[in-house]
Amino acid sequence: RRAETAILATFGQQPVPEVAMQISSDFDSGNIEVLDAGNPQRVLLAIRPDLNSHHFQWFHFKVEGLLPGQRYGFSLSNAGESAYNQAWSGYHTVASYDQRDWFRVPSRFEDGALQFELEPREAQVWFAYFEPYSRARHDGLIAQALERAGAELFACGQSVEGRAIQLLRVSRNQQAPRKLWIIAQQHPGEHMAEWFMEGLIERLQRDDAELDALLQQADLYLVPNMNPDGAFRGHLRTNATGKDLNRAWQSADARETPEVYFVQQQMRRVGVDLFLDIHGDEEIPQVFTVGCAGNPGYSPRLAALEAEFRRRLLASGAEYQTVRGYPLDAPGQANLTLACNAVGQEFDCLSFTLEMPFKDHDDRPVPQTGWNGARSKQLAEKVLGVVAGMVDQLR
Ligand code: GEM
Ligand code: ZN
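Values in this document were obtained by computation on a predicted structure and should not be read as measured data.

K.L.:
Explain the overall build of the protein chain to me, and be specific about the residues and the numbers.
P.N.:
Counting its regular elements, the protein chain contains nine helices and 17 strands. For 395 residues, the compact-globule formula gives about 21 Å, and the C-alpha radius of gyration of the protein chain, at 22 Å, lands near that figure. Seen through its principal axes, the protein chain has C-alpha atoms that stretch 80 × 45 × 40 Å. Expressed as a percentage of the 395 residues in the protein chain, the buried residues total 57%. Considering only contacts in the protein chain between residues 6 or more positions apart, those separated by 24 or more positions represent 75%. A total of about 16,000 Å² of accessible surface is found on the protein chain, and carbon and sulfur atoms cover 48% of it. Between the centroid of the 38 positive side chains of the protein chain and the centroid of its 52 negative side chains there is a distance of 3 Å.

K.L.:
How would you sum up the coordination of the zinc ion (ligand 2)? Please name residues and give values.
P.N.:
Four donors placed tetrahedrally around a metal ideally meet at 109.5 degrees, and six donors placed octahedrally ideally meet at 90 or 180 degrees. Around the zinc ion (ligand 2), the protein contributes the donor atoms His187 (ND1), Glu190 (OE), Glu190 (OE) and His279 (ND1), at 2.0 to 2.4 Å from the metal centre. Note that the zinc ion (ligand 2) binds six donor atoms; their angles at the metal cover 55 to 148 degrees, and the shape is irregular. The sequence motif formed by the donor residues of the zinc ion (ligand 2) is H-x2-E-x88-H. One exposure class covers both histidine 187 and glutamate 190, and it is buried.

K.L.:
Pulling in residues and values, what's your account of the sheet that holds strand E5 (residues 72–76)?
P.N.:
In space, the five strands of this open sheet follow the order E2-E3-E5-E9-E8, with mixed pairing throughout. The open sheet has two edge strands, strand E2 (33–36) and strand E8 (107–110), and neither has a second partner. If you compare each strand with its neighbour and ignore which way they point, the axes differ by 30 degrees on average. Relative to strand E9 (residues 113–118), E5 is paired through five bridges, and the arrangement is antiparallel. In the strand pairing of E9, leucine 76 is matched with leucine 114.

K.L.:
Before we move on, can you summarise helix H4 (residues 209–217) with the specific residues and values?
P.N.:
The complete set of buried residues in H4 reads Leu211, Leu214 and Leu215. Projected down its long axis, H4 carries its buried residues within an arc of 90 degrees, all on one side.

K.L.:
Explain unusual backbone geometry residue by residue, including any values.
P.N.:
You will see that glutamine 99, though not glycine, has its phi angle at about 65 degrees, which is positive. Position of glutamine 99 relative to the elements: it lies in the loop between strand E6 (93–96) and strand E7 (102–105). Classification of glutamine 99 by relative accessible area gives partly exposed; the value is 43%.

K.L.:
Tell me what's going on with the pairing of strand E13 (residues 178–184), and back it up with residues and numbers.
P.N.:
Both faces of the sheet carry side chains from a regular strand, because those side chains alternate between them. A large share of E13 lies buried, amounting to seven of its seven residues. Burial of the side chains of E13 extends over both faces: Arg178, Leu180, Ile182 and Ala184 are buried on one face and Lys179, Trp181 and Ile183 on the other. Bridge count for E13 against strand E14 (residues 218–223) is six bridges, and the pairing is parallel. Counted as the bridge partner of isoleucine 182 is leucine 222 from E14. In terms of strand pairing, E13 meets strand E15 (residues 274–281) through five bridges, oriented parallel. For tryptophan 181, the partnering residue across the bridge sits in E15 and is phenylalanine 275.

K.L.:
Can you break down the nonpolar core residue by residue, with the values?
P.N.:
Phe59, Phe61, Phe127, Phe196 and Phe309 are the most contacted members of the largest nonpolar core, which totals 81 residues. What phenylalanine 61 contacts, discounting residues up to four positions off in sequence, is Ile23, Ser24, Ser25, Phe27, Ile32, Leu45, Phe74, Phe116, Val125, Trp126 and Phe127. Formed by 25 residues, the second largest nonpolar core is a distinct cluster that contains Ala252, Met267, Val270 and Ala342.

K.L.:
Provide a residue-level description of the pattern of salt bridges, including the pertinent values.
P.N.:
The final tally for this structure, using the stated rule, is 27 salt bridges. A salt bridge links arginine 108 to glutamate 110; its shortest N-O distance comes to 3.3 Å. Here glutamate 110 falls in the partly exposed class, since its relative accessible area comes to 35%. Notably, a salt bridge pairs glutamate 202 with lysine 377, separated by 3.2 Å at the nearest N-O pair.

K.L.:
With reference to specific residues and values, describe the site of ligand 1.
P.N.:
As a matter of local geometry, ligand 1 sits amid 14 residues, with Arg237, Arg247, Glu282, Glu283 and Glu355 nearest to it. Within the side chain of glutamate 190, an N or O atom sits 3.0 Å from an oxygen atom of ligand 1. Here a nitrogen atom of ligand 1 and a side-chain polar atom of glutamate 283 are 2.6 Å apart. Calculation on ligand 1 without its partners gives an accessible area of 390 Å², and the protein chains cover 88% of this total. Top element by residues in the shell around ligand 1 is E15. It accounts for three residues.

K.L.:
Got a sec to walk through the confidence of the model for the protein chain? Specific residues and values, please.
P.N.:
For the protein chain, the average pLDDT comes to 95, and 95% of its residues sit at 70 or higher. pLDDT under 50 marks residues 1–11. Its contacts with residues more than four places away, or in other chains, come to 11 contacts.

K.L.:
Describe the pairing of E8, and please don't skip the residues or the numbers.
P.N.:
Inspection of the sheet shows E8 paired to E9 by four bridges, in the antiparallel sense. Counterpart to serine 107 in the pairing with E9 is phenylalanine 116.

Reading the values: rules and limits
- Each chain carries its own residue numbering, running from 1 in the direction its sequence is written.
- Labels are handed out in written order, letters beginning with A for the chains and numbers beginning with 1 for the ligands.
- Thresholds applied to this predicted model are a pLDDT of at least 70 for local features of residues and 80 or more for the giving and counting of side-chain atom pairs; totals over whole chains, interfaces and linings are not thresholded and use all residues.
- Here the side-chain values reflect all heavy atoms present in the structure, with hydrogen atoms and water set aside.
- Here a strand is any run of E in DSSP of at least two residues, a helix any run of H or I of at least four, and the numbering for each starts at the N terminus.
- With the radius of gyration taken over C-alpha atoms, the globule rule is written as 2.2 Å times the number of residues to the power 0.38.
- Only protein chains enter the area calculation, which uses a 1.4 Å probe; residues under 20% of their type maximum are buried, those over 50% are exposed, and those in between are partly exposed.
- Only heavy atoms enter the contact rule, under which two residues are in contact if any of them lie within 4.5 Å.
- For the area figures, the Shrake-Rupley method with a 1.4 Å probe applies, and any residue is considered shielded solely by the protein chains shown.
- Asp and Glu count as negative and Lys and Arg as positive, but His and the ends of the chain are not part of the count.
- Note that the charge is assigned to NZ on lysines, CZ on arginines, CG on aspartates and CD on glutamates.
- The donor set covers N, O and S atoms within 2.8 Å of the metal, switching to 3.2 Å for Na, K and Ca, and it leaves out water, so a site may look short of donors.
- Angle rules define the geometry names used: all angles between 85 and 135 degrees makes four donors tetrahedral, while opposite donors over 155 degrees apart and all other angles between 65 and 115 make four donors square planar and six octahedral, leaving every other case irregular.
- Any two strands are treated as partners once DSSP identifies two or more bridges connecting them.
- To get an axis, fit a line to the C-alpha atoms, keeping to the stretch in contact for a helix; angles then go from 0 to 180 degrees between the N-to-C directions.
- Within this analysis, the arc is defined by the directions that extend from the helix axis to the C-beta atoms.
- Side-chain atoms within 4.5 Å are what join buried Ala, Val, Leu, Ile, Met, Phe, Trp, Tyr and Cys residues into a set we call a nonpolar core.
- The working definition used for a salt bridge is a side-chain nitrogen of Lys or Arg within 4 Å of a carboxyl oxygen of Asp or Glu.
- Any residue with at least one heavy atom within 4 Å of a molecule or strand is counted as near it.
- Two N or O atoms form a polar contact when they lie within 3.5 Å of each other; inside protein one atom must be a possible hydrogen donor and the other a possible acceptor, and for residues adjacent in sequence the pair counts only when both atoms belong to side chains.
- One confidence number per residue, pLDDT, is output by the predictor and ranges from 0 to 100.

Here you go:
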């Protein structure tokens, strides 16, 4: 080994590290394949596709045995073939030494690969597509909601692989006329969605007049994680049968998409007066909402409610904007397999998909972290305030 180091040094290359570098992804939401780790300056990796599907973009792995101060390079060699391969430009990888404090590592999309370098401060580091929301944290969030936010476990569904899908209810007035539904992380790689739910639940713990008024008028129905199998498996977009849950709202069945089937049944039992479906968008570096303009049942009433929600969220000072987003569906042309459209149509209610960025919110960039868990949580607080202000207009 020493001789080898000396020879490499002669040729002007970096010495071979004495400690072997190890890369692992065999843990909750882990996803990476090691193609060639022979050159620590350029470790060749690949993202694994979702099970029973071709989608991929989410990655999450741990690197151990690093020499602090030495320069390491990583190349996600199949990034160019990922589901949203246009999304890598302007994207920077998320990293952490302790799985608590996550920061961005300058990255570039070159030769079809996502490439980044790091001189680590510690011997181990985690890299991910976005600040991960772990299943352990999910379990803690459910406990916190039950013990401190006045929530109850209203019903519990099961994923394809038997993981719990908790439906929480917050109800302080048995006569509350409105039923408000917020669901998150149908797309398992969109971890910002459950960070958003954590923000909502923490806001519910801090009692105040605004919240009290809301809960006199409405019960909240919350699903913090719609797709626990996909999240655990490190998927981008699908459940364990390879189905995109946000394309299953016209065809949900107990075998292939039990996650959607469960929530739809509960919605039909309870009713829905407002629906928010929380997501992340790979490409657009902004927070935005997508309404139901293309639904056959879209009406002036719903258009006015959408406009009012957007106006209030803008005025709240939230990190949010209405300039960039998806193009509007033509009248009557909505894709009713999406949750937002399906629920808005069936229940004739205000219904939005809320999208947060994987990159940054470019109206107020924070290069050190990009968009992250904390910003997702702050957004949720503002959204809850907007909902409180509109609750008596919903019907
Ligand atoms: C979107 S679709 C994904 C859009 N991403 C890019 N980069 N165009 C989502 O996943 O949140 C909503 C949907 O399901 O249609
Ligand atoms: Zn999504």
